[in-house]
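# Fold and contact review
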Amino acid sequence: MRLIILPNYEKASKWAANYIMNKINSHLQGKPFVLGLPTGSSPLGIYREFIKMYKEGKLTFKNVRTFNMDEYIGLDSSHPQSYHYFMMQNLFNHIDIDRKHVHLLDGKTKDPENECRLYEEAIAAEGGIDLFLGGMGNDGHIAFNEPGSSLISRTRVKTLTAESKASNARFFDGDLSKMPTTALTVGVGTVMDAREVIIIVSGRAKAKALRAVIEEGVNHMWTVSCLQMHQKAIIVCDDEATEELKVGTVNYFKDIEKDNLEI
């Protein structure tokens, strides 16, 4: 697992966006590039970079297929706090991706279990995910794979923890009663099946989790720690997120990656 440490969130976002752009642009012609995407505040800087790259003619999404990580159960695609709405507003409405190649879980499905099964089948039909981009929660979770989630889990229905509901209540006027209590989410195993995984982490609030993920062992209480077992995983973070890491750990990763930090 690689750890890329940059001075701030903006530079971390730009590095990750450039890395993904290069992967898309160098992909085999005629073969779709399959990209897994998250929601939340963590990827917003990357999405802004994607839009800028597209407008500048550096990146096209015409040959890209996307699969999003999760969706609240009970919210339809027009709800302003649905992840479908989030993705349209923050990325898809501003780039040249074909909407039929955008895959999003349906929060209003009448059969959540079948929706999850079909989602896994759709990923398999595309040949698997080439690169999964993700963020990390303050408690070290990825997507809605809360602490304690199975590290071989697949797309499924997940009950949200009090931590997740408290963290996301700000998007629902701070009213926990408006917060959905369940969600559809890709599993840890679904993410681990991707040929590459990039996680962006920023801020002091994530520092404790990042220490556990980098310096401790693989543990289902910190689900992002599963990336220690991935053949091609990168965590891109800012300096603030490293504040709980040992000085030696920070110096080690800064040294071995010093020639790979150009943006």
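For the structure itself, consult the block above.
Residues numbered from 1 in each chain as written. Predicted model: local features only at pLDDT ≥ 70, side-chain atom pairs only at ≥ 80, totals over all residues. Heavy atoms only, no water.

### Quick notes on the sheet that holds strand β3 (residues 64–68)
- Spatially, β1-β10-β9-β6-β2-β3-β5 is the arrangement adopted by the seven strands of the open sheet, whose pairing is parallel. Each having just a single partner strand, β1 (2–6) and β5 (102–103) make up the two edges of the open sheet.
- With five bridges connecting them, strand β9 (residues 196–201) and strand β10 (residues 233–238) associate as parallel partners. Across the sheet, Val197 pairs through a bridge with Ala233, a residue of β10. (Pairing = 2+ DSSP bridges. Helix = DSSP H or I, 4+ residues; strand = E, 2+ residues; numbered from the N terminus.)

### Description of the pairing of β1
- Most of β1 is tucked away, with four of its five residues classed as buried.
- In the sheet, β1 pairs with β10 via five bridges, with the strands oriented parallel. Note on β10: the bridge partner recorded for Leu6 is Asp238. (Buried < 20%, exposed > 50% of the residue type's maximum accessible area, 1.4 Å probe, protein only.)

### Things to note about helix α4 (residues 112–125)
- Relative to the 20 Å expected for 14 residues at 1.5 Å per residue, α4 spans 20 Å between its end C-alpha atoms, a close match to the ideal helical length.
- For α4, the full list of buried residues reads Glu115, Cys116, Tyr119, Glu120 and Ile123. Down the axis, α4 shows its buried residues gathered within 135° of arc, on one side only. Of the residues in α4, the exposed ones pointing more than 90 degrees away from the buried face are Glu113, Ala124 and Ala125.
- Those residues of α4 hidden inside the fold are in contact with β3, β5, β7 (156–159), β8 (182–185) and α6 (188–192).
- Where α4 terminates, the next one or two residues include Gly127, which has phi positive at roughly 90°. (Expected span 1.5 Å × (residues − 1). Arc of directions from axis to C-beta. Contact = heavy atoms within 4.5 Å.)

Keep in mind these values describe shape, not function.
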